[in-house]
Protein chains: 2
Amino acid sequence: MGVDPQQLRTFVSVVRLASFSAAARELGYTQSAVSQQIAALEQELRAPLLERRPVAPTEAGARLLEHAPGILLRLDAARADVARVGGSARGLLRVAVTALAAPRPLARALAATRLAYPRAELTVSLVGRTSAVTAVAAGEAELAVVDGVAAASDPLALPAAAPVSALRVAEQPLAVLLPAGHPLSGRRRIRLASLQDAFWLDAPDASVPLTELRAATGSDAFPPSMALVGPSADAVTECVAAGLGLAVVPAGGASAPGEGVVAVPLADAGLLHRTEAVWSGSRAEVVDHLVAGLADARAEPL
Amino acid sequence: MGVDPQQLRTFVSVVRLASFSAAARELGYTQSAVSQQIAALEQELRAPLLERRPVAPTEAGARLLEHAPGILLRLDAARADVARVGGSARGLLRVAVTALAAPRPLARALAATRLAYPRAELTVSLVGRTSAVTAVAAGEAELAVVDGVAAASDPLALPAAAPVSALRVAEQPLAVLLPAGHPLSGRRRIRLASLQDAFWLDAPDASVPLTELRAATGSDAFPPSMALVGPSADAVTECVAAGLGLAVVPAGGASAPGEGVVAVPLADAGLLHRTEAVWSGSRAEVVDHLVAGLADARAEPL
DNA sequence: GTCTGCCCATCAGCGATACTGATGGGCGTG
DNA sequence: CACGCCCATCAGTATCGCTGATGGGCAGAC
């Protein structure tokens, strides 16, 4: 009685790898154990979860798959939250940052925190949006600094289904990255709707993700031209310059737009690029100092 | 390795009852088993979770307690979602309704659904806000119809940490319920801020909860005069008439405000009473029909 | 068509686990 | 001081879940 989280973990592995044997290898079980775990889960839920040969989730399995990652993440988050109570007085400060998060306020706040806590162990890692939030929830990072697009008054729609707190750090207008020769590249401003049928780079970790554009504009257009994985801003610039597709980026960032491309500000009112700091549970002293620094940075000019 | 949900369930029972023995009785275990489960959980998380004698959560236990109900709810929700796949073709339609949810659209939609599915088994139950949403998540109801206060463009802040979908059913202006002799009872409109230091009935299931007022106005005032549990609209009217405190209710509801009280509309722009329909996972045919009926009802006058 | 290889289900056996029931110690209470 | 209540611990046992071996079914090669 009661769904075993271990079985859930095994289930998602099996689905992801589409193989009992491969999942067994990954998890350090024998194939027999995996088979028995899935069978037990199916009996427990009284429903077949997997099609065999080829291995694929059934309708019921698909439903379970919608819930499983959230459950497992929350389980990890609970464990991490409990662990933070005991040992977090030490100066461990791991910050997970997304590629387009405003770097200046973060850098300044980090500098101040480094001064105040010279012995703190400081790590900043550049990761994808989802990983940043899940890392915080699971206790693999003390803080995440995440960017995204939202209307002026709304909070960011954070990807993970985990209980976290957030603070707005910076807001910038948005711009469209166009190749230098593009017919609209001379414009002072562009409305997003006028470009919704153009082709777009699908580079969720190095530009504003298309899914966020669609959510923020309420349109389901913005056809993707090519996928670009990883947080490489240069790759985006080069691909836009080469005419492979357009991209939306925060305007007036630290770096110039680069050769061969033009950044034209968006005319859409109320659509903003925002950076938020995200943490989970109560904050240790060092983390608190850094968050306070980020809060102060809001007042300063970018 | 891996927190056992059964242990989590035991843990919350022990905390709620502040007793190992009582929790054992409730769960059908021996006291010995409960003691061992808690010990195993503490060893697994490497932290003491409970103070003994008297039994109370430690700091770490409090953290775990924040996560545990959400995890257990999601586990139940997953189980219910899987169960819906197989057996939900039958006409089972259990609707959980909060006290202030707009009754007219619901009644009309229910009537239409009853006509279209004469053999459907129909149950409507009046419950608190949190129970309504958790009932849907846990598969104890097919649909919830929940009310709350929100700004015009925001969705309702639903209480449960569970993955559900929602549809706006109706919106009404808000009114303050004042005793007939109140100095402001002759007003045409009242701003909420002018009353934030008055005393208020804390009747979360029979009027707009104070927590929602505070969240929607951004003020943490609105001191409570007395608590009133349960969804009794009459009790609210009587208490307001007796001068025990004020209350915010949807204006122009089905029932007249009652003797001895006056309902004065709120002047606060953008603050609305909204009713939403809430469901989980995919909807069975009957549920789909009812939700469609609720969607249609939005167009009609209230 | 047949052979071979891969993959999942099943089974026996064994070690680990989690329960019961009994016992003991600590603390408040009469 | 004695009693009662409550939680921790222990021994014993039944069950559970894993390993390793075996078997059946499907696909691709020849």
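Calculation rules
- Residues numbered from 1 in each chain as written.
- Chains lettered and ligands numbered in written order.
- Predicted model: local features only at pLDDT ≥ 70, side-chain atom pairs only at ≥ 80, totals over all residues.
- Heavy atoms only, no water.
- Helix = DSSP H or I, 4+ residues; strand = E, 2+ residues; numbered from the N terminus.
- Buried < 20%, exposed > 50% of the residue type's maximum accessible area, 1.4 Å probe, protein only.
- Near = heavy atom within 4 Å.
- Polar contact = N/O pair within 3.5 Å; in protein donor to acceptor, adjacent residues only side chain to side chain.
- Domains from an automatic or database assignment.
- Least-squares fit on C-alpha atoms with pLDDT ≥ 70 in both.
- Contact = heavy atoms within 4.5 Å.

With that settled, consider unusual backbone geometry. Non-glycine residue A:Arg46 carries a positive phi angle of around 50°. Here A:Arg46 shows up in the loop between helix H3 (31-45) and strand E1 (50-51). Even without being glycine, B:Ala18 reaches a positive phi, approximately 50°. Within the element layout of this structure, B:Ala18 appears in the loop between helix H1 (5-17) and helix H2 (20-27). For B:Ala18, a relative accessible area of 40% corresponds to the partly exposed category.

Turning next to the environment of B:Ala170. Inspection of the secondary structure puts B:Ala170 in strand E6 (residues 165-172). What makes B:Ala170 buried here is its relative accessible area of 7%.

Inspection of the region around DNA strand C gives 17 residues, with A:Ser21, A:Ser35, A:Arg52, B:Thr30 and B:Ser32 positioned closest. Taking the atoms of DNA strand C that fall within 4 Å of the protein, sugar and phosphate contribute 58% of them. Measuring from a phosphate oxygen of DNA strand C, one finds a backbone N or O atom of A:Phe20 at 3.1 Å. The contact in question runs from a phosphate oxygen of DNA strand C to an N or O atom on the side chain of B:Gln37, over 3.0 Å. At the level of secondary structure, the elements contributing two or more residues to the surface near DNA strand C comprise helix H2 (20-27) and H3 of chain A together with helix H3 (31-45) of chain B.

With that settled, the discussion passes to the domain arrangement of chain A. Considered domain by domain, chain A is made up of domain 1 (5-83), domain 2 (89-170 + 274-297) and domain 3 (174-265). Each of domain 1 of chain A and domain 3 of chain A has a C-alpha centre, and the two are 38 Å apart.

Another point: the relation of the copies chain A and chain B. It takes a turn of 179° to lay chain A on chain B, together with a shift of 0.1 Å along the axis; the resulting RMSD is 0.2 Å. Taken together, these values place the two copies in the relation of a two-fold axis. Considering only C-alpha atoms, the part of chain A nearest the rotation axis is A:Ile71, at 3.0 Å. Most of the interface of chain A is mirrored in chain B: 100% of its interface residues are interface residues there too.

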